[in-house]
2 protein chains.
Amino acid sequence: MGQKPITFFRQVIALCVYPDLLEDKFPEDAKNRARRILQACGGGSLGAYSASSGIEVIRQDVAKYIERRDGGIPSNPDNIYLSSGASDAIVTMLKLLTSGEGKTRTGVMISIPQYPLYSAALAELAAVQISYCLDEDKCWSLDVNELRRAVKAGREHCNPRAICIINPGNPTGQVQSRQCIEDVIRFAAEEHLFLMADEVYQDNVYAEGCQFHSFKKVLFEMGPEYSSVVELASFHSTSKCYMGECGFRGGYMEVINMDPEVKLQLTKLVSVQLCPSVPGQALLDLVVNPPQPDEPSYDTFIKERTANLHILSEKAKMTAQVLNTVPGIHCNPVQGAMYTFPRLTLPEKAINAAKEKEQAPDMFYCMKLLEETGICLVPGSGFGQRDGTYHFRMTILPATEKLKIVLEKIREFHKRFTEEFS
Amino acid sequence: MGQKPITFFRQVIALCVYPDLLEDKFPEDAKNRARRILQACGGGSLGAYSASSGIEVIRQDVAKYIERRDGGIPSNPDNIYLSSGASDAIVTMLKLLTSGEGKTRTGVMISIPQYPLYSAALAELAAVQISYCLDEDKCWSLDVNELRRAVKAGREHCNPRAICIINPGNPTGQVQSRQCIEDVIRFAAEEHLFLMADEVYQDNVYAEGCQFHSFKKVLFEMGPEYSSVVELASFHSTSKCYMGECGFRGGYMEVINMDPEVKLQLTKLVSVQLCPSVPGQALLDLVVNPPQPDEPSYDTFIKERTANLHILSEKAKMTAQVLNTVPGIHCNPVQGAMYTFPRLTLPEKAINAAKEKEQAPDMFYCMKLLEETGICLVPGSGFGQRDGTYHFRMTILPATEKLKIVLEKIREFHKRFTEEFS
C-alpha cells in the first residue's frame, strides 16, 4: 500500500540475521540493539528456538513498554507471552477458555460487526458465539445494556465465560471512550467474564478528542475492587500502527489476574508450537523499545513514524468525508484503526434482485462494484450487522492518490447502482 | 550447539529484510535470489502478509525441490502449504482429521516411542492416541503385524483415521527401510488411513547402507493401485538437517490425493492464522532452491553443508559407540536424525527407590544424573516405551568436544549409580 518500513527496524533485523554486517557502516544504536538481541538468543542466533513464551529480555522490554504507556502501572514480564502476531495469542486464549458440552459449553461475547478471526476461531473450537451489537448511531460505541441483553440471552444455551473487545475497532474504526471501557470492566466483573482486549491499533487514533485508553490502565485506575479480580488478556502486534510489519508475525499478550494453575496450562499450551518466530520477536522488541532521543537513529525514526501516522490520519478523514457526500451512504468518522464500515441504503429493487440470485444484498452490491470497477470491498454480511441493514468494509490503506480515485469510483458506482435499481 | 548458519541463507534474508544492502558488496547470486523473493512478496516487502498457504513462487520452488528429490515424480504447487515450522502443519492436519464423539472419535496411530508434539496435539484436540510400538531389537524398525494389532485394538473404542510416521526417527534415530515404507503404505491402503509422514530429518542420514526414502516417492513407485488412492501429507522444515534454523519457523507440507472439498476446508483452516512468517518462508525458499554449481556462492554453500552433516555423522557414531561400552546401557546405531534412545538396565533397588519417591525409574535416574553432573537427559517415559523397559533420550547436538565429555560423564555416572543400587 506504499507505506515504507521503519528504517531502524529493518537495519537491526538485518544485523541480527547476518551479524557480519556489524562490521559495516550502520548507525551505532542499530548495532547496539542487534548485539543486545543476539545476546538474548540461544547461541547468539535468530536461528535457535527460544523459550515458548518468548525471549526473556524481550518480555522484559514489553513489560517496560506497557508500564510507560500506562503511566507507571506495574507490568510483570512473567505475565507476557510473545506470539506469532496477535491472532495466534487470541486463538490460544480462546482455546484455553473453551470447555464443556451442550448447555455448559463456553460462550464468548464478541461484537457485531466483528473481525472474522473471532467467529472463525470460535467455530473451530466449537465454542458458542454470543453476539452483542455496537451502536452505529453513536459512532459504534458500546452500550452496557446491550451487553446485559446479550449475556442473558447467552445464558439460555451456553456458559458465557469471556468478552472480546477490539479497540480501536476493526472493522468499524471507532475509539471507545474511557467511560465505555469502565462500563465493560464493571460488566465483566459482575458477570465473572474473562476480558480479552484486542488493542493492536493502539497507535492508530486520528479523531480529535479521541484517545486510546488501555483496558489494563483503566482497570488499575478503578481500584483494587476491580484490579485484583478481573481477569484480562490484552493483545498487541507488530502488524498495525505505524509499523505495518504483518509478514514478520510478531505479537504479545499480557495476562492479568490469571489463576497460577491455569497459567501453567497456558504455558503448556503454547509450548506445543515450540516458539514464535524469532525474527518476529526481535522486531517486536524494537517496537516496544524504539530509538531514544539521545540515539543517532531517533530523528529519522520519529520522522518516519510521524509521517506514516499522519498519512493514515489524512486518509481516515478523507474516506469518511468523501463517502458522506454520497446520497445513500452513511459513514461514521474513522476515529481510529484502518477501516470504515459505512451503511448503505439500497433500493428495494436491488434487494429483490439480490434475493433472486440468492445473495446477501450487500454481497450483490460488492460483486457488481467489483465487476464494474475492479474495486474489491467486503460486504457487511461477512462481519455481521443488524438485520435489515447493509454495509461494506473498506480499508483506508491505499496510497492517498489511489484512495481518492477509489472513493470517486465508489461514488459514481453508487449513483449508477441506485439509478439502475430505482 | 556451535553449528554455524549457512552463510548464503543469512545473506539473502538480510538483503530481503533491508534491501538497501542490494547496493552493497554481496555475492551476485545472493542479490538475485533476494530480488526474486522480494518480487514475489506483496509490495516487494517481507513485511506484507502473504497468501495463507504461502507465497506462490516459493510453493513452486518447493514443488520443484520435491520433484528433484523424488527422481522426477510430479509435484503440484497447489498441493503445497507453507507453515510455521513442521509442527504447525502437523497440528493443522490433525485438526482437520479429528471429529466425532465417543466411539466415533478420530483415532490417530503414533509410534512408541514418539515425539511428544503428537501426543500433546491429540490430547488438545481430544482425538484418541493409538500407540504402535517400534521394534527396539530390530533397530526401531516398523513391524506391520504390530500396526495390525494396534489398529484392531483401536477400533474397539474409536475410529482410526490416520497413521503418523517419523522417518528418520525422533527420538529413536532409525532410518526406515524401503520395505518398511512399502508395508506401511499397503497397511494404510488396506485400513483406509490417512498417512502423515514427518520427514523433517530427510538430510540427516548417517549409517552406511541406510538411505532416505520419501513416502511420496515410494507411494508413486508402487503404482496407481496405491498412488491414486492413498492420502498422504508429508512434512518438512528449515529447523533440522544441515540448516538448523529453528527460530525462523519455516516449513511446508505436501498433500496428496486429498478430496478437493476437504482441501477447501484445509485452505480455510490455515487462513484463520493469516499467513506463516514471511522471513521463514523466504528461508525455506533458499533450502529448496540452494546455490547452483554455476553460481558464485555454490562452493561455500557445499563446504558448509558438508561440514555440518559430516560433524553430525561423526557425533552420531561416537554417541552409540561410547554408550555401548557401558555395561547396562544398550544403544541402537544412530542411523539418522539427531537423537538416541538407549535402553537402561536398572538395578531392582533403584526401581524400588524410584517407586518410593513416586517417580518413574528412568525419571529417578535422569534426576540423579542432573543433580550429580548437571547433564539433562529426558527420561524415556516422556516419549513412551514398552512396559518394564527404561530409556533416556539424548541429542547428538553438543559440539564434538563437549559431547565427548558428556558421554564420559554419563558412563561414570551409570557405573556409580549401578554400584550404589546393587
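Residues numbered from 1 in each chain as written. Chains lettered and ligands numbered in written order. Predicted model: local features only at pLDDT ≥ 70, side-chain atom pairs only at ≥ 80, totals over all residues. Heavy atoms only, no water.

## Here we look at the relation of the copies chain A and chain B
What counts is decided by this rule: Here the copies were fitted onto each other by least squares, based on C-alpha atoms from residues at pLDDT of at least 70 in both. Whether two residues are in contact is decided by their heavy atoms, any of which lying within 4.5 Å being enough.
Between the two copies, chain A and chain B, the superposition gives an RMSD of 0.0 Å; the rotation angle is 180 degrees and the shift along the axis is 0.0 Å. Taken together, the rotation and translation describe the operation of a two-fold axis. Nearest to the rotation axis, the C-alpha of A:Ala14 is located 2.2 Å from it, this being the minimum over chain A. Mapped onto chain B, 100% of the interface residues of chain A again fall at the interface, so both copies present the same surface.

## What about the sheet that holds strand S6 (residues 232-237) of chain B?
Residues and elements named next belong to chain B. Our working definition: Note on pairing: DSSP must find at least two bridges between two strands before they are called paired. Numbering of helices and strands runs from the N terminus, with a helix taken as a DSSP run of H or I at least four residues long and a strand as a DSSP run of E at least two residues long. In this description, a line fitted to the C-alpha atoms serves as the axis of each element, helices being fitted only across the stretch in contact, and the angle between N-to-C directions of two axes falls anywhere from 0 to 180 degrees.
The seven strands are arranged S1-S7-S6-S5-S4-S2-S3 in an open sheet whose pairing can be described as mixed. At either end of the open sheet lies a strand with only one pairing partner, and these are strand S1 (80-83) and strand S3 (128-133). Shown here is a sheet whose adjacent strand axes are inclined to one another by a mean of 25 degrees, direction ignored. Examined bridge by bridge, S1 and strand S7 (residues 251-256) share four bridges and lie antiparallel to one another. The residue bridging Leu 82 from the neighbouring strand is Tyr 252, located in S7. Seen against the sheet, helix H3 (residues 56-69) touches S1, S6 and S7 and runs at an angle of roughly 115 degrees to S1.

## Considering the pairing of strand S4 (residues 159-166) of chain B
Residues and elements named next belong to chain B. Rules: Burial here depends on accessible area, computed with a 1.4 Å probe over protein chains only, as a share of the maximum for the residue type. Under 20% is buried, over 50% is exposed, and the range in between is partly exposed.
Most of S4 sits out of view: six of its eight residues are buried. Summarising the sheet, S4 and strand S5 (residues 194-198) pair through five bridges and their orientation is parallel. Residue pairing for S5: Ile 163 is matched across the bridge by Leu 195.

## Digging into helix H12 (residues 298-323) of chain B
Spelled out, the test is: Each helix should span, by expectation, one fewer than its residue count multiplied by 1.5 Å.
An ideal rise of 1.5 Å per residue puts 38 Å on 26 residues; H12(B) measures up with 38 Å between its terminal C-alpha atoms. Every buried residue of H12(B) is listed here: B:Phe301, B:Glu304, B:Asn308, B:Leu312, B:Ser313, B:Lys315, B:Ala316, B:Met318, B:Thr319, B:Ala320, B:Val322 and B:Leu323.

## Focus: the packing of helix H6 (residues 144-155) of chain B against helix H7 (residues 178-191) of chain B
Residues and elements named next belong to chain B. Test applied: Here the angle decides the label: under 35 degrees means roughly parallel, over 145 means roughly antiparallel, 65 to 115 means roughly perpendicular, and every other value means oblique. By convention, the crossing between two helices is left-handed when the near helix turns anticlockwise from the far helix through less than a right angle, and right-handed when the turn is clockwise. Lys, Arg, Asp and Glu make up the charged group, whereas Ala, Val, Leu, Ile, Met, Phe, Trp, Tyr, Cys and Pro make up the nonpolar group; the residues left over, Gly among them, are polar.
Contact pair H6 / H7: the axes reach a minimum separation of 10 Å and the direction vectors enclose 25 degrees. Judged on the interaxial angle alone, H7 and H6 are roughly parallel. For the element pair H6 and H7, the recorded crossing hand is right-handed. Contacts between H6 and H7 pair Val 144, Leu 147, Arg 148, Val 151 and Arg 155 from the former with Asp 183, Val 184, Phe 187, Glu 190 and Glu 191 from the latter. Here the contact of H6 with H7 is built from residues that sort into five nonpolar, no polar and five charged.

## Focus: the domain arrangement of chain A
All names here are of chain A. Put simply, the test is: Boundary definitions for the domains trace back to an automatic or database domain assignment. When two parts are put together, the accessible area they lose, computed with a 1.4 Å probe and summed over both, is reported as buried area. Criterion for a salt bridge: a side-chain nitrogen of Lys or Arg within 4 Å of a carboxyl oxygen of Asp or Glu. A 3.5 Å cut-off defines polar contacts: any pair of N or O atoms within that distance qualifies, except that in protein one atom must be a possible hydrogen donor and the other a possible acceptor, and neighbouring residues in sequence count only when both atoms are side-chain atoms.
For chain A, the domain assignment lists domain 1 (49-288) and domain 2 (317-420). On a C-alpha basis, the centres of domain 1 and domain 2 stand 29 Å from each other. A per-residue breakdown of the area domain 1 buries against domain 2 is headed by Glu 136, Pro 171 and Tyr 206, which together make up 30% of the total. The interface formed by domain 1 and domain 2 contains two salt bridges. For Glu 136, the salt bridge identified is with Arg 343, shortest N-O distance 3.2 Å. Along the contact surface separating domain 1 from domain 2 lie 12 residue pairs in polar contact (both at pLDDT 80 or more). Taken together, the residues of the side of domain 1 that touches domain 2 sort by class into 15 nonpolar, seven polar and three charged.

## Quick word on the nonpolar core
The cut-off we apply is this: The set of buried Ala, Val, Leu, Ile, Met, Phe, Trp, Tyr and Cys residues whose side-chain atoms join them within 4.5 Å is what this entry labels a nonpolar core.
Judged by nonpolar contacts, the single largest core of 122 residues is most densely connected at A:Phe9, A:Leu94 and B:Phe9. Filtering out sequence-adjacent residues up to four positions away, B:Phe9 remains in contact with B:Tyr242, B:Met243, B:Leu283, B:Leu286, B:Val287 and B:Phe301. Membership of the second largest hydrophobic core comes to 68 residues, among which are B:Ala337, B:Cys366, B:Ile375 and B:Phe413.

## Points about the side chain of A:His414
Relative to the elements of secondary structure, A:His414 occurs in helix H15 (residues 400-420). Ignoring anything within four residues of it in the chain, the contact list for A:His414 reads A:Val326, A:Pro327, A:Gly328, A:Ile329, A:Leu344, A:Thr345 and A:Tyr365.

## Observations regarding the state of the cysteines
Put simply, the rule is: Disulfide: a pair of cysteine sulfur atoms within 2.5 Å of each other.
Taken as a whole, this structure holds zero disulfides over all chains when the rule is applied. A:Cys180 takes part in no disulfide bond, and the closest cysteine sulfur to it belongs to A:Cys139, at a distance of 11 Å. Residue classification places A:Cys180 among the buried residues on the basis of a relative accessible area of 7%. With no disulfide of its own, B:Cys41 lies closest to B:Cys16 among cysteine sulfurs, the gap being 6.8 Å.

## Considerations on unusual backbone geometry
Residue and element names in this part refer to chain A. Cis rather than trans, the peptide bond between Asn 167 and Pro 168 has omega equal to -15 degrees. Here Pro 168 lies in the loop between strand S4 (159-166) and helix H7 (178-191). At Cys 139, a residue that is not glycine, the phi angle is positive and equals roughly 55 degrees. As for its placement among the helices and strands, Cys 139 is situated in the loop between strand S3 (128-133) and helix H6 (144-155). Residue classification places Cys 139 among the buried positions, given a relative accessible area of 15%. The phi dihedral of Ala 337 falls on the positive side, at around 60 degrees, and the residue is not glycine.

## Things to note about the environment of A:Glu358
Among the secondary structure elements, A:Glu358 is positioned in the loop between helix H13 (348-356) and helix H14 (361-373). C-alpha of A:Glu358 to C-alpha of A:Glu124: the two residues are 234 residues apart in sequence and 26 Å apart in space.

## Quick notes on the sheet that holds strand S2 (residues 106-112) of chain A
Residues and elements named next belong to chain A. Pairing within the open sheet is mixed, and its seven strands lie in the order S1-S7-S6-S5-S4-S2-S3. At either margin of the open sheet sits one strand with a lone partner, and together these are strand S1 (80-83) and S3. Across this sheet, the average inter-strand angle for adjacent strands is 25 degrees, counted without regard to direction. Most of the contacts of helix H5 (residues 116-125) go to S2, to which it runs at about 160 degrees, and overall it touches S2, S3, S4 and strand S5 (194-198).

## What to know about the packing of aromatic side chains
Residue and element names in this part refer to chain A. Keep this limit in mind: Put simply, two rings from Phe, Tyr or Trp (the six-membered ring, in Trp's case) pair if the centres are within 6.5 Å, and we call them stacked under 30 degrees between planes, edge-to-face over 60, tilted for the rest.
Using the criterion set out here, one finds 28 aromatic pairs over all chains in the structure. With 5.8 Å between their ring centres and 80 degrees between their planes, Phe 341 and Phe 383 make a pair best called edge-to-face. Here Phe 341 is found in the loop between strand S9 (339-340) and strand S10 (343-344), whereas its partner Phe 383 is found in the loop between strand S11 (378-379) and strand S12 (390-395), with 42 residues between them in sequence. Comparing Phe 341 with Phe 383 shows no difference in burial state: the two are buried. With centroids separated by 5.1 Å and ring planes inclined at 75 degrees, the aromatic side chains of Tyr 365 and Phe 413 adopt a geometry described as edge-to-face. Residue Tyr 365 is found in helix H14, and its partner Phe 413 is found in helix H15; the two are separated by 48 residues along the sequence. Judged on exposure class, the residue Tyr 365 and its partner Phe 413 are both buried. By way of ring pairs, the aromatic residues Phe 364, Tyr 365, Phe 392, Phe 413, Phe 417 and Phe 421 are connected into one cluster.

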